[in-house]
Amino acid sequence: MPATNQSNSRFDIIIAGGGMAGSLLAWCLAQARPEWQIAIIERQDCHSETVPASFDSRSIALAAGSVSLLQRWGLWPVLAANACPLEQIWVSDRGHFGKTRLTASEYQQAALGQVLEVEHLGNLLSTKLAHRANLTYFQPDFITAITPTTACQTVQLSSGAELTSNLLLIAEGGLSQSRQLAGFSMSSDDYQQSAIIANLALAQPHNNTAFERFTEHGPIALLPLTNQRYSLVWTVAREAAAELLALDDQAFIAAIQQAFGYRAGVFTAAGARAQYPLTLRRPDEIVRHRTALLGNSLHNLHPIAGQGFNLAIRDIQALLLALNEASDPGDYKVLRTYQQLREQDIKRVVWFTDALVRGFSNNSRLVALARNAGLAAMLLCDPLKRPLAMQAMGQGQPYAKY
Ligand SMILES: Cc1cc2nc3c(=O)[nH]c(=O)nc-3n(C[C@H](O)[C@H](O)[C@H](O)COP(=O)(O)OP(=O)(O)OC[C@H]3O[C@@H](n4cnc5c(N)ncnc54)[C@H](O)[C@@H]3O)c2cc1C
C-alpha cells in the first residue's frame, strides 16, 4: 500500500476513494498529466490487517475492450499472468428449453474477455502508485464537508486537514458520503437479493468456458479462473443468503451442485464465501460544480452481467479524454464533455442489467416462455446475438485515443 504523505494542501485534482476505480484513475492521471498534483483520500487504513474492501476475494470478468485499455495504460502485461481467457459463454434457463452460446471465434477474437481476481489488480496498483511523485495519500481519512467557490472546491477531512483543488472526483463506491455532501440526488432500488461469491475447484478442465444459468434458486454465474477453478457468483433472495453462508464446505458444494446441475462438471472444493447485498443506485446527475462521479458512486449495478467495473474503466477513459489538454481540470467544458461521453453508455448498461435481473427473476410462465424464446432465437440467429456479444466484449463505446 502507498505511504501517506500529508504535506500539501493545494491540489489540481482530489480523488475521494482509493478502491478499484479511484486507484486506477489515479494511475492513469498521474501518467497522463505528471505536472498535476493529485490527492487520494481513502477511508480504509492501508496499514490494517484487513484486505482493502475494494480488492477483496472477488473476481471480475473484463470485457475485451477493457483489457485493451488496461494494455494501453501499461497494466495488462503484469495482470495477464493471473488472468483466464473467456473463450465461450453459455447462457441458459434451467428446466426450460432456451439457451444461447457466445464464442470468441464467431467474432474472430481470441477471447471475449478475461477473468481476473481483483487482488492482483490491487497489488499491482498499490506498487505502481507508491512510486508516483505527484500523488499524495490521505489515509485513513474521509471528507466531512465540501465548500464550493468559483475557482475551486475546498474539502475538510476528518483528520482536521483542509484541502483545495480545481476538481473533485468521487469514487467512493455505492454508499459514497461525499456524493451526498456534494449535493447529488439519488434514486435507488433494493433488489432484496444478495450475491454469494466463492471459488470452486473442478474435477475436470473448464476449457475457458463461462456459464450464466438462470435457475429457480436465482441466477448463477461461473467464471473460469486460472488453475482449473471457477469463480461463483450466486444471486439468491436476501433471506436465503445467511443459510448458504452458514453451511459447511461439503454441504455448500452439494447445494451449488444441486442448484446448477452438472453442465459445468463436478465441483470438488469451495473457498471462502462472502455476500454482497444488491441494490441499484443511480445519481440523477454525473457532474456538478467542479465535481464528477465515477465507478460505483455513479452506477452501482447488479453483478448479473458483470458490467460494473467495465463501466468504471470507460468512465476513466472518458475522463482522460475530457481532461486532455485542459489547463483547469475543473472547468465547465471538461465536465460537460465527460457527461456527454458517459450518459448514453451508462443508461444503456443500467437498463440492460436491470431488465436481465427482472426478466430472469420472474417465474411467470409467460415471462419464462418469452425469455426462452429470446435465448433460443439468439442461438439460431447471429444478428440477435451480436448486441449481447458486443456488450460482453465491451465494444460499445471506444473513445479513440484514450
Ligand atoms: C459479486 C460481485 C461480482 C462482480 N463482478 C463483476 C464483473 O465480473 N465485472 C465487472 O465489471 N464488475 C463486477 N462487479 C462490480 C465491481 O466489483 C465494481 O464495479 C467495482 O468494485 C467498483 O469499484 P469502485 O472503486 O467504484 O467502488 P468500491 O470497490 O466500492 O471502492 C470504493 C473505495 O472507496 C473507499 N471509500 C468508501 N467511502 C469512502 C469515504 N467516505 N471516503 C474515502 N474513501 C471511501 C472504500 O474504502 C473503497 O476503497 C462485481 C461486483 C460484485 C459485488
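Presented here is an overview of the structure given in this document.

Rules used throughout
- Position labels on residues start from 1 in each chain and follow its written sequence.
- It should be noted that, the model being predicted, local features are given only for residues of pLDDT at least 70 and side-chain atom pairs only at 80 or more, the latter also being counted only at that level, while totals for whole chains, interfaces and linings use all residues.
- Secondary structure elements are taken from DSSP: a helix is a run of H or I of four residues or more, a strand is a run of E of two residues or more, and numbering for both begins at the N terminus.
- As a rule, residues whose C-beta atom has 12 or fewer other C-beta atoms within 10 Å are exposed, those with 20 or more are buried, and those in between are partly exposed; C-beta atoms are placed from the backbone.
- The contact rule is simple: place each C-beta atom from the backbone, and if two of them lie within 7 Å, those residues are in contact.
- Should DSSP find at least two bridges between two strands, the strands are regarded as paired.
- Should the C-beta atom of a residue, placed from the backbone, lie within 6 Å of a molecule or strand, that residue is near it.
- Residue type decides the class: Asp, Glu, Lys and Arg count as charged, Ala, Val, Leu, Ile, Met, Phe, Trp, Tyr, Cys and Pro as nonpolar, and the leftover types, Gly among them, as polar.
- Linking buried Ala, Val, Leu, Ile, Met, Phe, Trp, Tyr and Cys residues through C-beta atoms within 7 Å yields a set, and such a set is a nonpolar core.
- Where a domain begins and ends is set by an automatic assignment or by a domain database.
- Here, axes are lines fitted to C-alpha atoms. For helices the fit covers the stretch in contact, and angles between N-to-C directions go from 0 to 180 degrees.
- When describing relative orientation, an angle under 35 degrees is termed roughly parallel and one over 145 degrees roughly antiparallel, while 65 to 115 degrees is termed roughly perpendicular and anything else oblique.
- The handedness criterion is simple: a crossing whose near helix is rotated anticlockwise from the far helix by less than a right angle is left-handed, and one whose near helix is rotated clockwise is right-handed.
- Expected span of a helix: the number of residues minus one, times 1.5 Å.
- Relevant arc is that of directions from the helix axis to the C-beta atoms, nothing else.

### Focus: the overall build of the protein chain
- A tally of regular secondary structure across the protein chain gives eleven helices and 19 strands.
- Across the 402 residues in the protein chain, those meeting the buried criterion constitute 46%.
- Taking all contacts inside the protein chain whose residues are at least 6 apart in sequence as the whole, residues at least 24 apart take part in 75%.

### A word on the pairing of strand S7 (residues 113–117)
- Among the five residues that make up S7, five are buried, leaving the element largely enclosed by the rest of the structure.
- Residues of S7 alternate between two faces, with Gly113, Val115 and Glu117 on one and Gln114 and Leu116 on the opposite face, all of them buried.
- Both strand S3 (residues 59–63) and S7 contribute to a ladder of five bridges, which runs antiparallel. Of the residues in S7, the one forming a bridge with Leu62 is Gln114.

### A short note on the site of the ligand
- Within the structure, the ligand sits among 37 residues, and Gly19, Gly173, Gly295, Gly306 and Gly308 are positioned closest to it.
- Contributions of two or more residues to the shell around the ligand are made by helix H1 (20–32), S3, helix H5 (177–181), strand S12 (186–202) and helix H8 (308–323).
- The greatest single-element share of the shell around the ligand, amounting to four residues, is contributed by H8.
- Looking at the shell around the ligand residue by residue, the class counts come to 17 nonpolar, 16 polar and four charged.

### Focus on the nonpolar core
- Leu25 and Leu294 are the most contacted members of the largest nonpolar core, which totals 102 residues.
- The biggest single contributor to this core is H8, with ten residues.
- Here this core gathers at least three residues from each of two domains, domain 1 (10–58 + 120–187 + 280–357) and domain 2 (60–117 + 191–278).

### Quick look at the sheet that holds strand S4 (residues 84–86)
- Strand order in the open sheet formed by three strands is S3-S7-S4, with antiparallel pairing between adjacent strands. Looking at strand neighbours, the two that pair on one side only are S3 and S4, the edges of this open sheet. Pairs of neighbouring strands in the sheet enclose a mean axial angle of 30°, with direction left out of account.
- As paired strands, S4 and S7 are joined by three bridges and run antiparallel to one another. Across the sheet, residue Cys84 finds its bridge partner in S7, namely Val115.
- Here helix H2 (residues 64–72) sits on the sheet in contact with S3 and S7, set at roughly 90° to S3.

### Regarding unusual backbone geometry
- With an omega dihedral of 0°, the bond running from Gln139 to Pro140 counts as a cis peptide bond.
- Along the chain, Pro140 turns up in the loop between strand S8 (135–138) and strand S9 (143–148).
- The phi dihedral of Gln228 falls on the positive side, at around 50°, and the residue is not glycine.
- In this structure, Gln228 sits in the loop between strand S14 (218–225) and strand S15 (229–237).
- With a phi close to 50°, Arg290 is a non-glycine residue in the positive phi region.
- Inspection of the secondary structure puts Arg290 in the loop between strand S18 (287–288) and strand S19 (291–293).

### Concerning the packing of H1 against H8
- Look at H1 against H8: their axes get within 10 Å of each other, and the N-to-C directions meet at 25°. In terms of orientation, H1 and H8 fall into the roughly parallel class. Viewed along their axes, H1 and H8 form a crossing whose handedness is right-handed. Contacts from Met20, Ala21, Leu24, Leu25, Cys28 and Ala32 of H1 reach H8 at Phe309, Ala312, Ile316, Leu319 and Leu320.

### Describing the environment of Ala210
- Summarising the element assignment, Ala210 is placed in strand S13 (residues 209–215).
- Judged by C-beta crowding, with 26 C-beta atoms within 10 Å, Ala210 ranks as buried.
- For the pair Ala210 and Trp90, spaced 120 residues apart in sequence, the C-alpha separation works out to 6.3 Å.
- Not counting residues up to four positions away in its chain, the partners in contact with Ala210 are Leu86, Ile89, Leu222, Leu223 and Pro224.

### Quick notes on H8
- The end-to-end C-alpha distance of H8, which contains 16 residues, comes to 23 Å, matching closely the 22 Å that a straight helix rising 1.5 Å per residue would cover.
- Among the 16 residues in H8, 15 count as buried, and that is most of the element.
- Phi turns positive, to about 70°, at Glu325, one or two residues after H8.

### Thoughts on helix H7 (residues 249–260)
- Taking 1.5 Å of rise per residue, twelve residues should cover 16 Å, and H7 covers 16 Å from first to last C-alpha, within 8% of that figure.
- Of all the positions in H7, only Phe252, Ile256 and Phe260 are classed as buried. Within H7, the buried residues cover an arc of 50° as seen down the axis, which keeps them to one side. In H7, those exposed residues whose orientation departs by more than 90 degrees from the buried face are Gln250, Ala251, Ala254 and Gln258.
- Those residues of H7 hidden inside the fold are in contact with S13, S14, S15, helix H6 (238–246) and strand S16 (267–270).
- Just beyond H7, the residue with positive phi is Gly261, at close to 90°.

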